[in-house]
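# Notes for the structure review
The residues making up each chain are set out below.
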Amino acid sequence: MTKKPKPCEWVTLKNALETFVMAEGGTESSGHILAMHWHVASRLVVEGGFHPDHIRPRPPFVIKKRKGANVLEFSPTAGGVGEATVLGGLKTKNIDVVVTLPRVGPCLAVSMKGSLNAFRNLTNRLEEAIGDCTNIHLSYPVLVYGFLHVFCANREGAIPQHLSSRLDADPKTGQTKAADIAVRASGDVSEFITAYHEAMARLTGRKDLRDEVSRYEAIALVLADPAHESLGRTLSTYPASDSPLRISAFFDSLYKAYDLRYVYAARALQSHTRRLFWDPESPAIWDPRTEDLSPRISSGDGSSDDITEPENIE
């Protein structure tokens, strides 16, 4: 009997990474990365100002009007399921999180991958990422496409007890296999991940629809700490502070690229494509799950007076 998929929930980044690292449901399905899909979808509403009806999977929020303002409320029963199927230039593609506007089509998407071990195989992931991006941009060159790759930061040495069910020990040393090490005893990140980082850094930062179709508008690499005392926290030392692949800049890059293409470059459609602002008194804004987010709060009544021309992302 096919298990009914769970609807989108509102989870923090830390909680999503905890679920990923533990992978309690196994790794054969996408269950261990699903919470990351939910986090990104919900973040696009709270922080990005996109209408939940336009996002798949649909985040668990509803919008109510109050004196012309948009009041955002958390509603667990409003969450939806599934990925969106996007028509690519070579084949259709199921993408993890997609914003689709009526009369416009898919305009922002985030594809996610998760690697728990076997980091020496990242070359395959690189090829997949290039192919996916090219395929989508061939059909939708204006689409803002982000790629988010999460790694479990397995450390060199003894395997923690809570990870022993999914990490096989090296038969010679009884410790983490060389191919499964993300962070060495010295604190340095493994050569498999650093080489992957250097390659992906050359595939990010697509600023114009006439730029290379194989480049993403934004890419982020996240190393999730598997240590029991800091489970699910992102490794703050990698990527480095000057890296273009830090998650701290990932979402902001997506929002800026979207505004430049769909709002300011298409002024006749602004009333349709402009991202929403939330009333400061919105219950969802004061939810503890917004602690690490920057909610898109209106300074007034949510009208065009709240909109400022973005700086050029170049």
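Keep in mind that what you see is a predicted model, and the values were worked out from it rather than measured.

### Points about the state of the cysteines
Applying the stated criterion across every chain yields a total of zero disulfides. Here Cys107 is not disulfide-linked; the sulfur of Cys133 is the nearest cysteine sulfur, at 16 Å. We classify Cys107 as buried; its relative accessible area is 0%.

### Overview of the pairing of strand β4 (residues 84-87)
Every second residue of β4 is oriented toward a common face, the buried set being Ala84 and Val86 and the non-buried set Thr85 and Leu87. Bridge analysis of β4 against strand β5 (residues 92-95) gives four bridges, and the strand direction is antiparallel. Its bridge partner being in β5, Val86 is matched across the sheet by Lys93. Hairpin connection from β4 to β5: four residues lie between these consecutive antiparallel strands.

### Focus: the nonpolar core
Ranked by internal contacts, the top residues of the largest apolar core, which has 87 residues, are Met36, Leu44, Leu108, Leu148, Met200, Phe250 and Tyr258. For this core, the element with the highest residue contribution is helix α5 (residues 247-264), accounting for 10 residues. If we ignore the near neighbours within four places in the chain, the residues touching Phe250 are Val110, Gly146, Phe147, Leu148, Ala218, Ile219 and Ala220.

### Focus on unusual backbone geometry
Here the bond from Arg56 into Pro57 is cis, since omega is 0°, no more than 30 degrees from zero. Structurally, Pro57 can be placed in the loop between β1 (55-56) and β2 (61-66). With an omega dihedral of -5°, the bond running from Tyr238 to Pro239 counts as a cis peptide bond. Tracing the backbone shows Pro239 in the loop between β9 (218-224) and α5. Positioned with a positive phi, Lys67 is a non-glycine residue whose angle comes to about 55°. On the secondary structure map, Lys67 appears in the loop between β2 and β3 (69-74). The exposure class assigned to Lys67 is exposed, which follows from its relative accessible area of 85%. Even without glycine at this site, Ala118 takes up a positive phi of about 50°.

### As for the side chain of Asp180
Structurally, the position occupied by Asp180 is in the loop between β8 (144-152) and α4 (191-201). Look at Asp180: it is buried, it has no salt bridge, and the nearest opposite charge is Lys177 at 5.3 Å. Setting aside residues up to four positions removed in sequence, Asp180 forms contacts with Asn117, Ala118, Phe119, Asn154, Leu167 and Asp168.

### Digging into helix α3 (residues 122-139)
The terminal C-alpha atoms of α3, which comprises 18 residues, lie 27 Å apart, in line with the 26 Å expected from a rise of 1.5 Å per residue. Among the residues of α3, Leu122, Leu126, Ala129, Asp132, Cys133, Asn135, Ile136 and His137 are the ones counted as buried. At its buried positions, α3 is contacted by β4, β5, β7 (105-115), β8 and α4.

### What about the sheet that holds β9?
In a beta sheet, neighbouring strands pair by backbone hydrogen bonds and run either parallel or antiparallel. Pairing within the open sheet is mixed, and its five strands lie in the order β1-β6-β7-β8-β9. Every other strand in the sheet has two partners, leaving β1 and β9 as the edge strands with one partner each. Two strands pair when backbone bridges link them, and strand β6 (residues 97-101) and β7 are joined in this way by five bridges, in the antiparallel orientation. By the bridge assignment, Thr100 is partnered in β7 with Pro106. With respect to the sheet, α3 is in contact with β7 and β8, its orientation differing from that of β8 by roughly 165°. The sheet contacts of α4 involve β8 and β9, and relative to β8 the element is tilted by about 175°.

### Focus on the pattern of salt bridges
A complete count under the given rule lists 16 salt bridges for this structure. Among the ionic pairs, Arg66 bridges to Asp279, the shortest N-O distance being 3.4 Å. Here the residue Arg66 occupies a position in strand β2, and Asp279 occupies one in the segment after α6 (270-273), the gap between them amounting to 213 residues. Take Asp279: its relative accessible area is 12%, and that puts it in the buried class. As a salt-bridge pair, Asp208 and Arg210 come within 3.1 Å of each other at their nearest N and O atoms. A relative accessible area of 26% places Asp208 in the partly exposed class. Salt bridges sharing common partners tie together Arg206, Glu217 and Arg261.

### Side note on the pairing of β2
As paired elements, β2 and β3 share six bridges and run antiparallel to each other. Within the sheet, the bridge partner assigned to Val62 lies in β3 and is Glu73. Connecting β2 to the next strand, β3, in antiparallel fashion are two residues, including Lys67 with a positive phi near 55°.

Quick notes on the rules
- Every chain is numbered on its own, with residues counted from 1 as its sequence reads.
- Where totals are concerned, whole chains, interfaces and linings use all residues; where local detail is concerned, this predicted model gives features only for residues with pLDDT of at least 70, and gives and counts side-chain atom pairs only at 80 or more.
- As a rule here, side-chain values come from all non-hydrogen atoms in the structure, and water together with hydrogens is ignored.
- The criterion for a disulfide is a pair of cysteine sulfur atoms lying within 2.5 Å.
- Exposure categories follow from relative accessible area, calculated using a 1.4 Å probe and restricted to protein chains: below 20% of the type maximum is buried, above 50% is exposed, and the middle band is partly exposed.
- Helix and strand assignments come from DSSP, with helices taken as H or I runs of at least 4 residues and strands as E runs of at least 2, each series counted from the N terminus.
- In this scheme, strands are said to pair when DSSP sees at least two bridges between them.
- Among buried residues, the Ala, Val, Leu, Ile, Met, Phe, Trp, Tyr and Cys ones that are joined through side-chain atoms within 4.5 Å form a nonpolar core.
- Note on contacts: a residue pair qualifies if any of its non-hydrogen atoms lie within 4.5 Å across the two residues.
- Counting rule applied: Lys, Arg positive; Asp, Glu negative; His and chain ends not counted.
- Salt bridge, as used here: a side-chain nitrogen of Lys or Arg that lies within 4 Å of a carboxyl oxygen of Asp or Glu.
- A helix is expected to span 1.5 Å multiplied by its residue count minus one.
- Lines fitted to C-alpha atoms define the axes here, with helix axes fitted over just the stretch in contact, and angles between the N-to-C directions of these axes take values from 0 to 180 degrees.

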